[in-house]
Amino acid sequence: MKRIVVLASGYGSNLQVILDACCNMLISGKVVAVFSNKSESTALNRAHKAKIPAHVILESRYCNKDEFDDCLLNEIGYYQPHLIILAGYMRILSIAFVEYYYGRILNIHPSLLPRYPGLHTHKKVIKNGDHQHGASVHFVTKNLDQGPVILQAKVPVFRGDTVSSLSIRVQCVEHLIYPKAISWFIDGRLIMDNGAAWLDGKRLPKAGYS
């Protein structure tokens, strides 16, 4: 069974969806460890409840970013993961880390990439008066939120939406598309090659499988 390591910083709702999907065999893999850079992350509690090893690595305990990244690489390497999942991991991975696990790191981002990389996407959507918003699953590369898009889902933006109401709507579709993309990878249907995402031997378009 393919081994999955999850990195999370916050509440861990996407982690829970992934755990449930593995339990119900919607993903033919197993989460073998959860790592967080926040000791108060609820994701750690979710891992403990599922009897999965949970680790906290705090950047404040290291002299510099390189030492932190070296530790993270070593700790994750113990589990020999086939796939690394970012589930609300609020820290930019080093180039060395991304290159080491090239083509084996997935992330979900709350926007229709390439629109709105980075933080505060819901606020930007409301401020700009967009009529559509959504979420994108993508491969992680050295450029923030610019890796090949695998799968997107769209939601409407309603008049009177707030950051809170919009984020809830986006999170609902995140929980639908992230397990699907993970399953594709675990089943060998999805790869990254030549800077693009490929599904079942066919190169996906820029917006991924929509």
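A few points on the structure. The shown structure was predicted, so the numbers you read here are calculated from the model rather than taken from an experiment.

This part is about helix H1 (residues 13–23). The buried fraction of H1 is high, at eight of 11 residues. Among the residues of H1, Ser13, Asn14, Leu15, Val17, Ile18, Leu19, Ala21 and Cys22 are the ones counted as buried. Just downstream of H1, Met25 is the residue with a positive phi angle, here 65°.

A word on the pairing of strand S9 (residues 196–199). As defined by bridge partners, strand S8 (residues 190–193) adjoins S9 across four bridges and the pair is classed as antiparallel. In the strand pairing of S9, Asp193 is matched with Ala196. Between S8 and S9, which pair antiparallel and follow one another directly, the connecting turn spans two residues, one of which, Asn194, has a positive phi of 55°. Of the pairings in the sheet, the one linking S9 to strand S10 (residues 202–203) comprises two bridges and is antiparallel in character. The residue of S10 that forms the bridge with Leu199 is Lys202. Linking S9 to S10, which pair antiparallel, is a turn of two residues; within it Asp200 sits at a positive phi near 55°.

Once that is clear, we can look at the sheet that holds S10. The strand order across the open sheet formed by three strands is S8-S9-S10, and the pairing between neighbours is antiparallel. Every interior strand has two partners, whereas the edge strands, S8 and S10, have only one.

Let's shift gears to the environment of Gly118. Structurally, Gly118 is set in the loop between strand S5 (105–109) and helix H5 (121–127). Residues Gly118 and Asp187, spaced 69 residues apart in sequence, show a C-alpha to C-alpha distance of 30 Å. Other than its neighbours up to four places away in sequence, Gly118 contacts His109, Leu144 and Asp145.

Before going further, it helps to spend a moment on the environment of Cys172. For Cys172, the location among the structural elements is in helix H6 (residues 163–186). Classification of Cys172 as partly exposed rests on a relative accessible area of 49%. Sequence separation of Cys172 and Asn14 is 158 residues, and the distance between their C-alpha atoms is 9.9 Å.

Attention now moves to the side chain of Thr121. Positionally, Thr121 belongs in helix H5. Taking the relative accessible area as the measure of exposure, Thr121 reaches 3% and is therefore buried. Within polar-contact distance, the side chain of Thr121 engages the backbone oxygen of Pro110 at 2.6 Å. For Thr121, the contacting residues outside a window of four places in its chain are His109, Pro110, Ser111, Tyr116 and His133.

This brings us to unusual backbone geometry. Put simply, Leu113 and Pro114 share a cis peptide bond, and its omega is 15°. Tracing the backbone through its elements, the reader meets Pro114 in the loop between S5 and H5. Residue Gln80 is not a glycine yet carries a positive backbone phi of 45°. With respect to the secondary-structure elements, Gln80 resides in the loop between helix H3 (65–77) and strand S4 (83–86). Looking at Gln80, the relative accessible area reads 55%, which means it is exposed. Not every positive phi belongs to a glycine, and Asp145 is a case in point at roughly 55°. Tracing the backbone through its elements, the reader meets Asp145 in the loop between strand S6 (132–139) and strand S7 (149–156). For Asp145, a relative accessible area of 12% translates into the label buried.

The rules behind these values
Residues numbered from 1 in each chain as written. Predicted model: local features only at pLDDT ≥ 70, side-chain atom pairs only at ≥ 80, totals over all residues. Heavy atoms only, no water. Buried < 20%, exposed > 50% of the residue type's maximum accessible area, 1.4 Å probe, protein only. Helix = DSSP H or I, 4+ residues; strand = E, 2+ residues; numbered from the N terminus. Pairing = 2+ DSSP bridges. Contact = heavy atoms within 4.5 Å. Polar contact = N/O pair within 3.5 Å; in protein donor to acceptor, adjacent residues only side chain to side chain.

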